[in-house]
Amino acid sequence: MKTTTQSLATDDAIRNEANRIIAALNHAHYPIDAVMAESIVESLQTIAEALELPVAKTLHIRLIAIRNNIHVNQIQQAA
């Protein structure tokens, strides 16, 4: 897929939503259940893959980590 302004904006929006979920997953006072986080990240990954967005691969890696109870870090903005 050719990168456009719209695809970059969509990529950023999906990345931001995933980061909110990851932050909640790691937040001591407002934790989110890992199953719920997994479900949301999986949905975001499916959307990113369908749109052929660069963030899809990173979401897949984060999803595997969540499923394996590995600490998950925020997703950085692509350079």
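Since the structure is predicted, the reported quantities are computational estimates derived from the model, not experimental observations.

Explain the environment of Glu38 residue by residue, including any values.
In this structure, Glu38 sits in helix H2 (residues 34-50). Here Glu38 falls in the partly exposed class, since its relative accessible area comes to 22%. Considered as a pair, Glu38 and Leu25 are 13 residues apart in the sequence and their alpha carbons are 9.8 Å apart. If sequence neighbours within four positions are ignored, Glu38 has contacts with Leu63, Ile66 and Arg67.

Just give me the short version of the nonpolar core, but keep the residues and values in it.
Counting 17 residues, the largest nonpolar core has Ile14, Val41, Ala48, Val55, Leu59 and Ile75 as its most contacted members. Every element with two or more residues in this core is listed here: helix H1 (5-26), H2 and helix H3 (55-67). Residue contributions to this core peak at six residues, all from H3. Residues contacting Ile75, with those up to four places away along its chain left out, are Arg15, Ala18, Asn19, Ile22, Val55, Thr58, Leu59 and Arg62.

I'd like a rundown of H2, residues and numbers included.
In an α-helix there are 3.6 residues to a turn, and that puts residues three or four apart on one side. With 17 residues, H2 extends 24 Å from end C-alpha to end C-alpha; this agrees with the ideal 24 Å at 1.5 Å per step. Looking at H2, one finds that the buried residues are Ala37, Val41, Leu44, Gln45 and Ala48. End-on view of H2: buried residues confined to an arc of 105°, all on one side of the axis. With respect to the buried face of H2, the exposed residues turned more than 90 degrees away are Val35 and Ala50. The distance from a side-chain oxygen at the start of H2 to the backbone nitrogen of Val35 is 3.2 Å, and the residue carrying that oxygen is Asp33. One or two positions beyond H2, positive phi appears at Glu52, with a value near 55°.

Analysis parameters
Residues numbered from 1 in each chain as written. Predicted model: local features only at pLDDT ≥ 70, side-chain atom pairs only at ≥ 80, totals over all residues. Heavy atoms only, no water. Helix = DSSP H or I, 4+ residues; strand = E, 2+ residues; numbered from the N terminus. Buried < 20%, exposed > 50% of the residue type's maximum accessible area, 1.4 Å probe, protein only. Contact = heavy atoms within 4.5 Å. Core = buried A, V, L, I, M, F, W, Y, C linked by side-chain atoms within 4.5 Å. Expected span 1.5 Å × (residues − 1). Arc of directions from axis to C-beta. Polar contact = N/O pair within 3.5 Å; in protein donor to acceptor, adjacent residues only side chain to side chain.

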